[in-house]
Amino acid sequence: RVRRDDTDGVSRRAKIYSLGPVREMLRRGWIESSSNVDVLEKRVLDFFEISSLDEEPRFLAHAARKSSSYASITPAQRAWLFRARKLARAVHAAPFSTDKLDKALTQLRLLLHVPQEIRHVPRILSEAGIRFVLVEALAGTRVDGACFWVDDLPVVAMSMRFDRIDTFWFVLLHELGHVSKKDGALTLDTDLERAESDSARPESELMADRFATEHLVPQEQLDNLIARIRPLYSARKIDAIAQSLHVHPGIVVGQLQRRGEVAWSSFRNKLVPVRKWIAEVALTDGWGATVPTQL
């Protein structure tokens, strides 16, 4: 015979675990484990900043670039965002201003030619009043980056799901495009290589894409270089384009891939990984790095 207390405990646990991917959150150390259902419930409620299991966790209103519906957010995506926001509160940044953002964009442009230079990104953003965190994505979230605001300061959170130089810079500058417009809404960005068609995406997302593209490589200059080479692309010619644009060849490859000039499988050796450089200097959660649960 099943005792009523046991039945209630099972029911409560089921409700707790329905709020998000709690098992993975426990594994990642986002929530401290407990065999006591009361303690576990309190910890999960605190994580989602709600007071009852009857409440649905809510983040901010958001515009999204993702493979799922623009009208909704998945529990795993929402949990990732809560974790990113919690970490962001621990990151120091100066007061924000658009003038500082403009200066930061100029400084970031000087880092595009050498992968290791990525290590200066957190400092430059902090000086501009922008908090930066890295949070490894949860399974199935298909999230690359987010932009939101905490205590009047913008936050850029990235998952580094694609560890390649062109994707890092595109996602970062895309999010800074939202910051430049002072978008109050949260922005999610997902699978850059398999995103939905532009016609299905909000105008704010298209704007952020254009912002990122232009700040990575002046498009008129790239157009002129492409016109001289198309369709006879080679590693040597891509290196020459990169040198003339003062960027890493992987960024040129990424631009050519996005334009459909070369296949996604082309010149992959130039898409060098960069996460190791940024994770050393940014507040990082994931890839073996653990952050205290109470942070």
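Since the model is a prediction, treat every value here as computed from it, not as a measurement.

The next point concerns the overall build of the protein chain. Tallying secondary structure elements over the protein chain gives 12 helices and 6 strands in all. Per-residue burial over the protein chain gives 51% buried out of 295 residues. Taking the contacts inside the protein chain whose residues are at least 6 apart along the sequence as the reference set, 73% of them involve residues at least 24 apart. Total accessible area on the protein chain is roughly 13,800 Å²; 50% of this is exposed by carbon and sulfur atoms.

Looking now at the pairing of strand 2 (residues 131–135). Counting buried positions over the 5 residues of strand 2 gives 5, a clear majority of the element. Burial along strand 2 is two-sided: the face carrying R131, V133 and V135 and the face carrying F132 and L134 are both buried. Bridge analysis of strand 2 against strand 6 (residues 283–285) gives 3 bridges, and the strand direction is parallel. In the sheet register, V135 faces strand 6, and the bridge partner there is D285.

Moving on to helix 10 (residues 235–245). Taken as a whole, helix 10 has its buried residues at I238, I241, A242 and L245. Down the axis of helix 10, the buried side of the element spans an arc of 100°, and every buried residue falls inside it. Of the residues in helix 10, the exposed ones pointing more than 90 degrees away from the buried face are R236 and Q243. Looking at the buried residues of helix 10, the elements they touch are helix 5 (98–109), helix 9 (219–229) and helix 11 (249–259). Phi for H246, located one or two positions after helix 10, is positive at around 60°.

Once that is clear, we can look at the pattern of salt bridges. Per the stated rule, a full pass over the model turns up 19 salt bridges. Linking K15 and D54 is a salt bridge whose minimum nitrogen-to-oxygen distance equals 2.8 Å. One end of the pair, K15, is in helix 1 (residues 4–17); the other, D54, is in the loop between helix 3 (37–47) and strand 1 (62–65), and 39 residues separate them in sequence. With a closest N to O distance of 2.6 Å, R210 and E203 form a salt bridge. What makes E203 partly exposed here is its relative accessible area of 49%. Overlapping salt bridges, with partners in common, bring together R12, D38 and E41 in one network.

This part covers the side chain of Q219. Locating Q219 in the fold gives a position in helix 9. With residues near it in sequence (within four places) discarded, Q219 still touches T213, E214, Q255 and R259.

Before going further, it helps to examine the packing of helix 10 against helix 11. Relative to each other, helix 10 and helix 11 sit at 110°, their axes nearing to 8 Å. Classed by the angle they form, the pair helix 10 and helix 11 counts as roughly perpendicular. In contact with I238, D239, I241, A242 and L245 of helix 10, helix 11 contributes P249, V252, V253 and L256. Residue composition of the contact of helix 10 with helix 11, grouped by class: 8 nonpolar, no polar and 1 charged.

Turning next to unusual backbone geometry. For the bond running from R230 to P231, omega is 0°, close enough to zero to count as cis. In the Ramachandran plot, M160 falls in the positive-phi region, its phi being about 55° despite a non-glycine side chain. In this structure, M160 sits in the loop between strand 4 (153–158) and helix 7 (165–180). Unlike most non-glycine residues, H246 shows phi in positive territory, near 60°.

Another aspect to go through is the environment of A88. Looking at the element boundaries, A88 is found in helix 4 (residues 75–88). A relative accessible area of 0% places A88 in the buried class. Counting along the chain gives 44 residues from A88 to F132, while the straight-line C-alpha distance between them is 6.9 Å. With residues near it in sequence (within four places) discarded, A88 still touches R131, V133 and V155.

Another aspect to go through is the confidence of the model for the protein chain. Looking at the protein chain as a whole, the pLDDT averages 87, with 86% of positions reaching at least 70. Across the protein chain, the element-wise mean pLDDT spans from 44 in strand 1 up to 98 in helix 6 (residues 121–127). Contacts of residues 61–68 to residues separated by more than four positions or lying in other chains number 41 contacts, the stretch itself having pLDDT below 50. Below pLDDT 50 for its whole length, residues 194–199 participates in 9 contacts with residues either more than four positions away or in separate chains.

Following the criterion strictly, the structure yields 2 cavities of 30 Å³ or more and no others. Approximately 40 Å³ is the volume found for the second largest cavity. As for the second largest cavity, its lining consists of D144, M158, M160, R161, F162, T167, F168 and V171. Ranked by residues supplied to the lining of the second largest cavity, first place goes to helix 7 with 3 residues.

Calculation criteria
- Residues numbered from 1 in each chain as written.
- Predicted model: local features only at pLDDT ≥ 70, side-chain atom pairs only at ≥ 80, totals over all residues.
- Heavy atoms only, no water.
- Helix = DSSP H or I, 4+ residues; strand = E, 2+ residues; numbered from the N terminus.
- Buried < 20%, exposed > 50% of the residue type's maximum accessible area, 1.4 Å probe, protein only.
- Contact = heavy atoms within 4.5 Å.
- Areas by Shrake-Rupley, 256 points an atom, 1.4 Å probe, with all protein chains shown as cover.
- Pairing = 2+ DSSP bridges.
- Arc of directions from axis to C-beta.
- Salt bridge = Lys/Arg side-chain N within 4 Å of Asp/Glu carboxyl O.
- Axes fitted to C-alpha atoms, helices over the stretch in contact; angles between N-to-C directions.
- Parallel < 35°, antiparallel > 145°, perpendicular 65-115°, else oblique.
- Nonpolar A, V, L, I, M, F, W, Y, C, P; charged D, E, K, R; others polar.
- pLDDT = per-residue confidence, 0-100.
- 1 Å grid on protein atoms, 1.4 Å probe; cavity = no way out; pocket = protein on both sides within 12 Å on 5 of 7 lines; lining within 4 Å.
- Points joined across faces, edges and corners; volume = space filled by probe spheres on them.

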